[in-house]
Each structure stands twice: as structure tokens, then as C-alpha cells.
Amino acid sequence: MEMKKGFFVVADTVSVLDVYNTSDPNVINLTPANPSAVVSTVDVCVKQPQKTQVSIDTMAQIAVLGLTLMGQTFEVTYELLRNDTVIATINDEMDYESVVQGRHTNFPSFPLVDDNPIAGLNTYDIRCTSVTRPTLGFVLIGSRSLKATVFIL
């Protein structure tokens, strides 16, 4: 039986009103004890890999809370994984001066076309890891989105 040409979309989106509200269960705090977290996941079933492309669009809001009196640098690795294998990475390094809360947010994102999905269930994840953190502060993950558009050629 021949598959019909076309496309379908699978998405996972979390919206956060205030990324600095650490009591919000949707805000993820990257701590020294837990510096890494999968922040969004979608599953895509592929029947014919040679006739399938998966277009991935991702975004995550990264913020810093608890600044010190001196300017600092922090780094977060933003990764896209397929079946626990990294297929794309952004090393997001930010320099900032000491200012009031709410001024230091970043929205790393990237589009990617996966031409090599395998047959069966493919799990796509966004993973954020705090590589270096502010001396006295937290790296927070707020709103985020992972969308997979599957094209059957």
C-alpha cells in the first residue's frame, strides 16, 4: 500500500507568564544539583524513512535570577536530540551587567530539517544544560516550544 503524500504536525508548547516566578510549576530551575533538563518532547512515527522529512522548530526562554553587584557571564547548552542522540547544539553564552531582575532573558531557537529519521517511533527533545552559572543566581527556563512538521514525499 502506497502512503499518501502530505504532512502532519506534532507540537509541545508551554507558556509561562513570569519566568522569574520560581513557584510556577512550569518554570524549570537549573540548579547545581540538577544542571540539565529536558524541557520539551514530541514523538513522531515514521513508516517510510526514505520518503519522510521532519522539519523541527524549537524555542526556549532562558533567564537569570539573583544577580550580584558585578557583571558576569553564564553559558547554557541548548540541544536538540533524536532518540537520545544530539543532532544540533547551540552554546548560548551571555555577558551581563548587574541590573534589576527581568533584564536578562534570551530565546535561543533554530529550525532544522531531519532527513534521517528512522522507521518507527522517533522522540525529539530539547535539553538545556547550565554549563557555567552566575555566582549568586539561578538559570531558569520559562516558555518553550518544540514543533515537528512531518513531510511525506
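How each quantity is defined
- Residues numbered from 1 in each chain as written.
- Predicted model: local features only at pLDDT ≥ 70, side-chain atom pairs only at ≥ 80, totals over all residues.
- Heavy atoms only, no water.
- Helix = DSSP H or I, 4+ residues; strand = E, 2+ residues; numbered from the N terminus.
- Buried < 20%, exposed > 50% of the residue type's maximum accessible area, 1.4 Å probe, protein only.
- Areas by Shrake-Rupley, 256 points an atom, 1.4 Å probe, with all protein chains shown as cover.
- Core = buried A, V, L, I, M, F, W, Y, C linked by side-chain atoms within 4.5 Å.
- Contact = heavy atoms within 4.5 Å.
- Patch = residues over 30% accessible without salt bridge, like charges linked within 9 Å, V, L, I, M, F, W, Y side chains within 5 Å.
- Salt bridge = Lys/Arg side-chain N within 4 Å of Asp/Glu carboxyl O.
- Phe/Tyr/Trp six-rings, centres within 6.5 Å; stacked < 30°, edge-to-face > 60°.
- Polar contact = N/O pair within 3.5 Å; in protein donor to acceptor, adjacent residues only side chain to side chain.

(A) Examining the overall build of the protein chain more closely. Along its length, the protein chain carries zero helices and ten strands. Going residue by residue from the N terminus, the α and β elements of the protein chain occur as β-β-β-β-β-β-β-β-β-β. Looking at the protein chain residue by residue over its 153 residues, the buried ones come to 43%. Accessible surface computed for the protein chain: about 8100 Å², of which carbon and sulfur atoms make up 53%.

(B) The nonpolar core, seen in detail. Counting residues in hydrophobic clusters, the biggest one holds 27 residues, and the most contacted among them are C128 and I141. Contributions of two or more residues to this core are made by β2 (28-30), β3 (36-46), β4 (52-65), β5 (72-82), β6 (85-96), β9 (120-132) and β10 (138-152). Setting aside anything within four residues of it in sequence, one finds C128 in contact with L30, P35, S36, A37, V39, A60, V76, T77, Y78 and I141. Listed in part, the eight residues of the second largest apolar core include V16, V19, A63 and L65.

(C) Looking closely at a nonpolar patch on the surface. On the surface, F7, V9, F151 and L153 cluster together to form a nonpolar patch covering roughly 390 Å² of accessible area. Counting through the fold element by element, V9 comes out in strand β1 (residues 6-14).

(D) Region of interest: the packing of aromatic side chains. In this structure the tally under the stated criterion is two aromatic pairs. Arranged with centres 6.0 Å apart and planes meeting at 40°, the rings of F7 and F151 form a pair that is tilted. Of this pair, F7 sits in strand β1 while F151 sits in strand β10, and the two are 144 residues apart along the sequence. Relative accessible area serves as the criterion here: at 31%, F151 is assigned to the partly exposed category.

(E) The environment of T73, seen in detail. Along the chain, the position of T73 falls in strand β5. Residue class for T73 comes out partly exposed when judged on its relative accessible area of 32%. Separated by 59 residues in sequence, T73 and T132 have C-alpha atoms that sit 7.8 Å apart.

(F) The pattern of salt bridges, seen in detail. One pass over the structure, following the stated rule, counts three salt bridges. Of the charged contacts in the structure, one is a salt bridge between K147 and D57, with a shortest N-O distance of 4.0 Å. Of this pair, K147 sits in strand β10 while D57 sits in strand β4, placing them 90 residues apart in sequence. D57 gets classed as partly exposed once you look at its relative accessible area, which sits at 30%.

(G) Structural detail: the side chain of T77. With respect to the element layout, T77 can be found in strand β5. Side chain to side chain, T77 and N91 meet in a polar contact 3.4 Å long. Residues within four places of T77 in sequence aside, it is in contact with T89, I90, N91, R127, C128, T129 and V131.

(H) Focus on unusual backbone geometry. Phi at N83 is positive, roughly 50°, even though this residue is not glycine. Along the chain, N83 turns up in the loop between β5 and β6.

(I) Local environment of the environment of P117. By the secondary structure assignment, P117 is in the loop between β8 (109-114) and β9. As for P117 and K47, which are separated by 70 residues in sequence, their C-alpha atoms are 9.7 Å apart. What P117 contacts, discounting residues up to four positions off in sequence, is V46, P49, T52, V54, R82, N122 and Y124.

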